[in-house]
Amino acid sequence: MRRKLYYHFSIVIIAGLCILGCSPKKSRDVATSQAEGETIQEAEVEAEGASKSEKKNDPLLLLVNKDTPLPKDYDPDLKVLNSGNKSVAQVIYNDLRDMLTAGNAQGLSFCIASGYRSAERQQEILDQDIRKLTAKGMDYDTAYQNVTRTVMPAGYSEHETGLAVDITALSNQMLDETQVDTPENRWLRENCSKYGFILRYPEGKEEITKIDYEPWHFRYVGKEAAREITEKQITLEEYLK
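Residues numbered from 1 in each chain as written. Predicted model: local features only at pLDDT ≥ 70, side-chain atom pairs only at ≥ 80, totals over all residues. Heavy atoms only, no water.

> Hey, could you go over the pattern of salt bridges for me, with residue numbers and the actual values?
For the coordinates displayed, the defined rule picks out 13 salt bridges. In this structure, the salt-bridge partner of Asp212 is Arg149, at a minimum N-O distance of 3.1 Å. A residue pair is termed long-range when its members are at least 10 positions apart, and Asp212 in the loop between α6 (206-209) and β6 (214-220) and Arg149 in the loop between α4 (140-147) and β4 (164-169) qualify at 63 residues. Judged by relative accessible area, which is 40%, Arg149 ranks as partly exposed. Where Glu231 meets Arg227, a salt bridge forms, and the shortest distance between an N and an O atom there is 3.4 Å. Note that Glu231 and Arg227 are positioned in helix α7 (residues 223-232) at a spacing of four residues, about one turn of the helix. Residue classification places Arg227 among the partly exposed positions, given a relative accessible area of 40%. Salt bridges here are not isolated pairs; linked through shared partners, they connect Glu158, Arg200, Arg219 and Glu237. (Salt bridge = Lys/Arg side-chain N within 4 Å of Asp/Glu carboxyl O. Helix = DSSP H or I, 4+ residues; strand = E, 2+ residues; numbered from the N terminus. Buried < 20%, exposed > 50% of the residue type's maximum accessible area, 1.4 Å probe, protein only.)

> Outline the side chain of Asn172, supporting the account with residue identities and numerical values.
Turning to its location among the elements, Asn172 is positioned in the loop between β4 and α5 (183-191). Given a relative accessible area of 16%, Asn172 falls into the buried group. The contact partners of Asn172, leaving out residues within four places of it in the chain, are Thr178, Gln179 and Thr182. (Contact = heavy atoms within 4.5 Å.)

> Go over the pairing of β6, please, and point to the residues and values.
Counting buried positions along β6 yields seven of seven residues, so the element is predominantly enclosed. Bridge count between β4 and β6: three bridges; the pairing is antiparallel. Its bridge partner lying in β6, Val165 is registered against Phe218. In terms of strand pairing, strand β5 (residues 197-201) meets β6 through four bridges, oriented antiparallel. (Pairing = 2+ DSSP bridges.)

> Kindly report on the sheet that holds β6, identifying the contributing residues and their values.
Spatially, four strands are ordered β3-β4-β6-β5 in an open sheet, and the strand pairing comes out antiparallel. What marks the edges here is a single partner per strand, and that holds for β3 (110-114) and β5. Within this sheet the neighbouring strands show an average axis-to-axis angle of 45°, counted without direction. Here helix α2 (residues 90-105) sits on the sheet in contact with β3, β4, β5 and β6, set at roughly 145° to β3. (Axes fitted to C-alpha atoms, helices over the stretch in contact; angles between N-to-C directions.)

> Would you mind going over the nonpolar core in detail, with residue names and values included?
The biggest cluster of nonpolar side chains holds 24 residues, and the ones touching the most others in it are Leu96, Met99, Val165, Ile167, Phe197 and Phe218. Sorting the residues of this core by element identifies β2 (87-89), α2, β3, β4, α5, β5 and β6 as the ones contributing at least two each. Sorting elements by how many residues they give to this core places α2 first, with five residues. Sequence-distant contacts of Met99, defined by excluding residues within four places in its chain, comprise Ile167, Trp187, Leu188, Cys192, Tyr195 and Phe197. The next biggest cluster of nonpolar side chains, apart from the first, holds eight residues, and it includes Leu61, Ile198, Ala225 and Leu236. (Core = buried A, V, L, I, M, F, W, Y, C linked by side-chain atoms within 4.5 Å.)

See the structure below:
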């Protein structure tokens, strides 16, 4: 009887030890797991915050649109193109040259219709386009709304950064959607990201960019950003969020 009691008592003790020994370990595992999860989440939040800060401070990712004017003290370092009558920001020159040279090697011929514009020139273009519509009987406000679907007022245009270029096929220098059908434009849209450029105002993103589809307007953002923006099929506005 004593043996039996001793046997039962031993089982109870062993069971108790198992309970006492296992339960705290599980609790520690859960607590450790939760702590590690919180640490990972905090690290991800910090990394995301750092990434946003880096993007915001990257001069190649400067956002200029209808809601975001160019800094008043912005003064790009310019490089005159071989044509002699157009210039771009010095920082984009080599990649722009390499991109067009690569296209030339494929038998394509390009025309840089526009590069850097001064604020004065930008306003002049806007005013000219508005006058054309008002001369046809359109009131000023309506004309302004129509024109600013493609042309920004001074201080709000990417062309003032020197980071944007309008590129057409040499055989078709019209700044309209007929560019889409040219071999040059198809090649540019497929390959521009390799050289740090993006199609700045893509089709279907008009509500975000607030600019009509412009298949000829390419913006330099650097190769890493260009690759991600192109792969994700997003706009610069979305990339910077």
